[in-house]
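# Tertiary structure, described
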Amino acid sequence: QVQLVESGGGLVQAGGSLKLSCAASGGTFRRAMAWFRQAPGKERDFVAVASWYGNTYYADSVKGRFTISRVNARNTVYLEMNSLKPEDTAVYYCAAAIRPAGTVNSADYDSWGQGTQVTVSS
């Protein structure tokens, strides 16, 4: 496992932008890194993943608006969120997978951050 610390959440108006960061420490970064989110009263959902090899994949709901990136030399992964909508409001979690290849299945992730709140007002 690795330790993950997210930052960058906050309150933004609809149509605005935010950039989340996730710093990893204490283990190998040779893993797929992903962002999940959980809205009040709902299950935790997949948002985006970046494999160790650089491949990316997005949930349909964020495709074209969110961009996941990683800087392996800094053990950091980012989520740039543009054209935010009220339905994007959630706690966003960074997660590290058990393997380098990307996966959307939360069961394939063994390390999770504490979460950062993103609130989009209408």
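One structure accompanies this document, and this report is about it.

Cut-off values and rules
Residues numbered from 1 in each chain as written. Predicted model: local features only at pLDDT ≥ 70, side-chain atom pairs only at ≥ 80, totals over all residues. Heavy atoms only, no water. Helix = DSSP H or I, 4+ residues; strand = E, 2+ residues; numbered from the N terminus. Buried < 20%, exposed > 50% of the residue type's maximum accessible area, 1.4 Å probe, protein only. Contact = heavy atoms within 4.5 Å. Areas by Shrake-Rupley, 256 points an atom, 1.4 Å probe, with all protein chains shown as cover. Lys, Arg positive; Asp, Glu negative; His and termini not counted. Charge placed at Lys NZ, Arg CZ, Asp CG, Glu CD. Pairing = 2+ DSSP bridges. Core = buried A, V, L, I, M, F, W, Y, C linked by side-chain atoms within 4.5 Å. Axes fitted to C-alpha atoms, helices over the stretch in contact; angles between N-to-C directions. Polar contact = N/O pair within 3.5 Å; in protein donor to acceptor, adjacent residues only side chain to side chain.

## Re the overall build of the protein
Secondary structure summary: the protein contains 0 helices and 11 strands in total. Taken from N to C terminus, the helices and strands of the protein fall in the order β-β-β-β-β-β-β-β-β-β-β. Counting only C-alpha atoms, the protein reaches 40 × 25 × 25 Å along its principal axes. Relative to its 122 residues, the protein shows a buried fraction of 44%. Here the contacts in the protein between residues at least 6 apart in sequence split such that 59% fall between residues at least 24 apart. As displayed, the protein offers around 6000 Å² of accessible surface, 47% of which is attributable to carbon and sulfur atoms. Where the 12 positive side-chain charges of the protein centre and where its 9 negative ones centre are 6 Å apart.

## Topic: the pairing of strand β8 (residues 76–81)
Most of β8 is tucked away, with 5 of its 6 residues classed as buried. The pairing of strand β3 (residues 18–25) with β8 spans 6 bridges and is classified as antiparallel. Along β8, the bridge assignment pairs Cys22 with Val77. Of the strand pairs in this sheet, strand β7 (residues 66–71) and β8 are connected by 6 bridges, and their pairing is antiparallel. Residue Val71 lies in a different strand from β8, and its bridge partner there is Thr76. Hairpin connection of β7 to β8: 4 residues between the antiparallel strands, including Asn75 at a positive phi of 50°.

## Section: the environment of Arg74
Its place among the elements puts Arg74 in the loop between β7 and β8. Among the residues examined, Arg74 registers a relative accessible area of 59% and is labelled exposed. Note: C-alpha distance between Arg74 and Ala24 (50 residues apart in sequence) is 8.5 Å.

## Observations regarding the nonpolar core
Generally speaking, nonpolar side chains in soluble globular proteins are found buried as a group. Within the largest apolar cluster, 37 residues are counted, with the highest numbers of intra-cluster contacts made by Trp35, Leu79, Met81 and Tyr92. Within the residue set of this core, elements represented by two or more residues are β3, β4 (33–38), β5 (44–50), β7, β8, β9 (90–97) and β11 (116–121). By residue number, the principal contributor to this core is β9, which donates 6 residues. In this structure, Met81 is in contact with Gly16, Ser17, Leu18, Leu20, Arg65, Phe66, Tyr92 and Val118, ignoring residues within four places of it in sequence.

## Considerations on the sheet that holds strand β1 (residues 3–7)
Spatially, β1-β3-β8-β7 is the arrangement adopted by the 4 strands of the open sheet, whose pairing is antiparallel. Pairing within the sheet leaves two strands with one partner each, and these edge strands are β1 and β7. This sheet shows a mean twist of 15° between the axes of neighbouring strands, independent of strand direction.

## Observations regarding the side chain of Arg37
Here Arg37 is to be found in strand β4. Here Tyr92 takes part through its side chain, which lies 2.9 Å from a polar atom of the side chain of Arg37.

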